[in-house]
Amino acid sequence: MKSKVTLVKEFTIGQVDKNLFSSFIEHLGRAVYDGIYEPGHPLADEQGFRKDVIQLVKDLRVSLVRYPGGNFLSGYNWKDGIGPKEARPVRLDRAWRSIEPNQIGIDEFYDWTQKAGCQLMGAVNMGTGTPQDAGDLVEYCNHEGGTYWSDLRKKNGHQKPMAIKTWCVGNEMDGPWQICHLDANDYGKKALEAIKIMKWTDDSIKTVVCGSASSAMPTYPEWDRIVLEHTYELADYISIHRYFENFGDDDEFLASFYDMDSFIKTAAATCDYVKAVKRSNKTMALSFDEWNIWYQQNQKPHPWQTAPRILEDQYSLLDALAFGGMAITLLNHADRVKAACLAQLVNVIAPIFTEPKKGAFKQTIYYPFKDVSLYGRGTALLPVANVQNKIVKKYGEVPAVIFSAVLNEEENEIALFALNTSKTEESETTIDLRSFGKTQMFYRTELCGADLSAKNSLENPNAVCPRDAALVQAQDGVYALPLQKASWNVIRFKIL
């Protein structure tokens with residue numbers, strides 16, 4: 001199989017927003033309790049946060065962490081999670097059939113983000129919560145002082161405002177599974193009033209309204225249109241969510257990126273339709289604030305308990321490859337997708353996995369996320385690709401090899417990300433960089449292997465990890481190299 005990609009410095013998609021490399025922690029399963037927070041662990045700090053997990057998060061350079069949900073959000077009263085821990089109520093979390101001890105709330109989680117080098121992406125309850133509750137939370141977090149809620153924050157240990165600048169206005173309110181689910185008109189009206197109160201409290205914040213929870217929703221994309229017609233003037237982003245899983249056809253699974261690409265295009269088109277209806281000059285940004293591989297078919301019932309072991313998917317090399325295709329797709333839509341949250345971060349469908357009183361390890365999906373987070377910052381270039389082989393599946397005719405590229409002008413570097421989805425053929429690939437003058441390849445890794453079902457574990461943490469690949473010299477600005485079958489590739493070039 002042959003493929004060719006040409007990069008031209010004038011052919012750009014847009015600036016990659018740092019918030020594209022964000023993640024998500026919900027009060028769900030062992031994400032918080034026994035995940036980021038485990039008092040008594042040998043590596044716990046004075047607040048009970050695991051320092052090994054903090055370091056793994058730092059290494060990913062996560063920008064924002066969306067908190068506290070998720071489905072949990074729609075039944076959560078944020079006031080339960082503030083004040084003296086011994087006085088906080090223990091509640092039923094009806095979203096995930098769990099016991100919520102409320103030992104971690106907004107104050108503690110803010111502290112964790114500061115330790116992990118992240119910013120906090122807040123979220124307000126649009127299920128059982130009211131617009132007033134939303135405004136009170138913004139006041140508690142962001143107001144300087146001299147009011148009830150801001151002074152209570154000071155009393156609870158944070159003298160300075162938290163300055164949380166991005167806020168999700170509810171979660172997946174289109175879903176019947178959501179606590180106090182609303183139809184599009186009712187949610188649009190409620191979200192508008194919440195945003196008004198939130199922005200009147202702090203006019204520097206940005207807000208994300210709920211778009212479709214999946215492209216499979218019967219209300220998609222009509223839901224998005226109706227919500228935006230209510231909120232377009234005041235909202236800054238509309239969210240979209242999408243998960244993929246392997247139902248038994250590996251080729252179809254590896255082509256998941258094509259469905260994701262279509263979802264983004266439809267969401268952007270819906271936004272632009274409303275822009276035209278509103279005669280607006282504003283282009284609505286997308287926040288893809290939940291995306292990942294998630295084996296929902298594996299969910300099983302469990303009793304009421306604190307931090308149950310649920311949604312703890314163990315990811316394979318094959319999963320990492322499909323994940324890489326999704327990461328490439330996000331970069332290739334950097335002009336419209338201005339935030340994206342890998343869901344989630346620790347233990348629950350996550351790149352980082354821990355065991356109580358034991359260690360932590362990197363799941364296979366950790367590596368492609370780290371690659372794009374470290375090397376995918378700058379200006380997204382438009383890859384002009386010619387790929388010989390196609391995958392013909394339910395998504396239509398899909399290229400077997402896909403690319404994304406980012407120009408880092410500060411470092412004078414180009415990063416190229418490539419996924420070969422073929423399980424049977426390597427790709428003889430040509431990379432044309434003549435537009436950039438003299439260049440030199442200085443870094444190349446590949447994530448691949450004979451066993452696509454291989455997984456990492458605490459006992460064997462490096463069963464799947466990237467390996468260095470041979471560097472190639474240019475011939476008149478053109479590089480020729482093989483992309484291994486079923487492989488995720490990162491290739492970096494210096495502009496001389």
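Shown above is the structure to which this text applies.
Cut-offs used in this document
Residues numbered from 1 in each chain as written. Predicted model: local features only at pLDDT ≥ 70, side-chain atom pairs only at ≥ 80, totals over all residues. Heavy atoms only, no water. Helix = DSSP H or I, 4+ residues; strand = E, 2+ residues; numbered from the N terminus. Rg over C-alpha atoms; globule rule 2.2 N^0.38 Å. Buried < 20%, exposed > 50% of the residue type's maximum accessible area, 1.4 Å probe, protein only. Contact = heavy atoms within 4.5 Å. Areas by Shrake-Rupley, 256 points an atom, 1.4 Å probe, with all protein chains shown as cover. Lys, Arg positive; Asp, Glu negative; His and termini not counted. Charge placed at Lys NZ, Arg CZ, Asp CG, Glu CD. Phe/Tyr/Trp six-rings, centres within 6.5 Å; stacked < 30°, edge-to-face > 60°. Lys NZ or Arg CZ within 6 Å of the ring centre and 35° of its normal. Pairing = 2+ DSSP bridges. Axes fitted to C-alpha atoms, helices over the stretch in contact; angles between N-to-C directions. Disulfide = S-S within 2.5 Å. Salt bridge = Lys/Arg side-chain N within 4 Å of Asp/Glu carboxyl O. Core = buried A, V, L, I, M, F, W, Y, C linked by side-chain atoms within 4.5 Å. Parallel < 35°, antiparallel > 145°, perpendicular 65-115°, else oblique. Left-handed = near helix turned anticlockwise from the far one by under 90°.

Caption draft 1: Up close: the overall build of the protein. Secondary structure assignment for the protein yields 10 helices and 25 strands. Relative to its length of 496 residues, the protein is compact, with a C-alpha radius of gyration of 23 Å against a globular reference of 23 Å. Across its three principal directions, the C-alpha atoms of the protein cover 70 × 60 × 45 Å. Counting the 496 residues in the protein, one finds 60% classified as buried. Within the protein, counting contacts between residues at least 6 apart in sequence, those at least 24 apart form 78% of the total. Just so you have it, the protein exposes about 19,000 Å², and 49% of that area is on carbon and sulfur atoms. Distance between charge centres in the protein, computed from 55 positive and 63 negative side chains, equals 2 Å.

Caption draft 2: Region of interest: the packing of aromatic side chains. Per the stated rule, a full pass over the model turns up 18 aromatic pairs. Judged by centre distance (6.0 Å) and plane angle (15°), the rings of Phe-417 and Trp-488 are stacked. Placement of the pair is Phe-417 in strand β20 (residues 413-420) and Trp-488 in strand β25 (residues 487-495), with a sequence separation of 71 residues. Take Phe-417: its relative accessible area is 0%, and that puts it in the buried class. The ring centre of Phe-353 lies 5.4 Å from the NZ or CZ of Arg-30, which sits over that ring.

Caption draft 3: Here's a closer look at the sheet that holds strand β2 (residues 12-15). Reading across the sheet, the 7 strands line up as β2-β15-β19-β20-β25-β22-β23 and stay open at both edges, with antiparallel pairing between neighbours. Every interior strand has two partners, whereas the edge strands, β2 and β23 (467-468), have only one. Two strands pair when backbone bridges link them, and strand β19 (residues 401-408) and β20 are joined in this way by 8 bridges, in the antiparallel orientation. Along β20, the bridge assignment pairs Val-401 with Asn-420.

Caption draft 4: Fine view of helix α6 (residues 222-231). Those residues of α6 not exposed but buried are Trp-223, Asp-224, Ile-226, Val-227, Leu-228 and Thr-231. At its buried positions, α6 is contacted by α5 (184-201), β9 (206-209), β10 (237-244) and α8 (256-278).

Caption draft 5: A look at the environment of Lys-455. Mapped onto the elements, Lys-455 comes out in the loop between β22 (439-447) and β23. Between the alpha carbons of Lys-455 and Leu-318 there is a distance of 9.3 Å; along the sequence they are 137 residues apart.

Caption draft 6: Highlighting the sheet that holds β10. The sheet built from 8 strands closes into a barrel, its strands ordered β3-β4-β7-β8-β9-β10-β11-β12 with parallel pairing. Sheet twist, expressed as the average angle between the axes of neighbouring strands with direction ignored, equals 30°. Summarising the sheet, strand β11 (residues 285-293) and strand β12 (residues 337-343) pair through 4 bridges and their orientation is parallel. Counted as the bridge partner of Trp-291 is Leu-342 from β12. The sheet contacts of helix α2 (residues 106-116) involve β4 (64-66) and β7 (119-124), and relative to β7 the element is tilted by about 155°. Packed on one face of the sheet, helix α9 (residues 317-331) meets β10, β11 and β12 and runs near 175° to β11.

Caption draft 7: Broad picture of the state of the cysteines. Following the criterion strictly, the structure yields 0 disulfides and no others. The closest cysteine sulfur to the non-disulfide-bonded Cys-118 is located on Cys-341, 11 Å from its own sulfur. No disulfide involves Cys-465; its sulfur sits 11 Å from that of Cys-448, the nearest cysteine.

Caption draft 8: Region of interest: the pattern of salt bridges. By the definition in use, this model includes 27 salt bridges. Two residues, Arg-467 and Glu-446, come together in a salt bridge whose shortest N-O distance is 3.1 Å. Taken as a pair, Arg-467 in strand β23 and Glu-446 in strand β22 lie far apart in primary sequence, 21 residues in all. One salt-bridge network, held together by shared partners, links Arg-30, Arg-309, Glu-312 and Glu-355.

Caption draft 9: Just the nonpolar core, in detail. Ranked by internal contacts, the top residues of the largest apolar core, which has 170 residues, are Ile-36, Trp-112, Tyr-187, Phe-288, Trp-291, Leu-345 and Phe-417. The dominant element in this core, judged by the number of residues it contributes, is α9, at 11 residues. Ignoring sequence-local partners within four residues, the contact set of Trp-291 consists of Arg-242, Tyr-243, Met-260, Phe-323, Met-326, Ala-327, Leu-330, Ala-340, Cys-341, Leu-342, Ala-343 and Phe-369.

Caption draft 10: Just the packing of α8 against α9, in detail. Following both chains from N to C, one finds α8 and α9 inclined at 25°, their axes separated by 9 Å at the closest point. Taken together, α8 and α9 sit at an angle that is classed as roughly parallel. As for the relative orientation of α8 and α9, their crossing is right-handed in sense. Here Phe-257, Met-260, Asp-261 and Ile-264 of α8 lie close against α9, whose contacting residues are Gly-325, Met-326, Thr-329 and Leu-330.

Caption draft 11: Geometry of the environment of Leu-433. Following the sequence through the fold, Leu-433 ends up in the loop between β21 (427-432) and β22. Judged by its relative accessible area of 0%, Leu-433 falls in the buried class. Leu-433 sits 48 residues away from Ala-385 along the chain, and the two C-alpha atoms are 13 Å apart. Once residues lying within four places of it in the same chain are set aside, the contact partners of Leu-433 are Leu-7, Ile-414, Thr-439, Gly-477, Tyr-479 and Phe-493.

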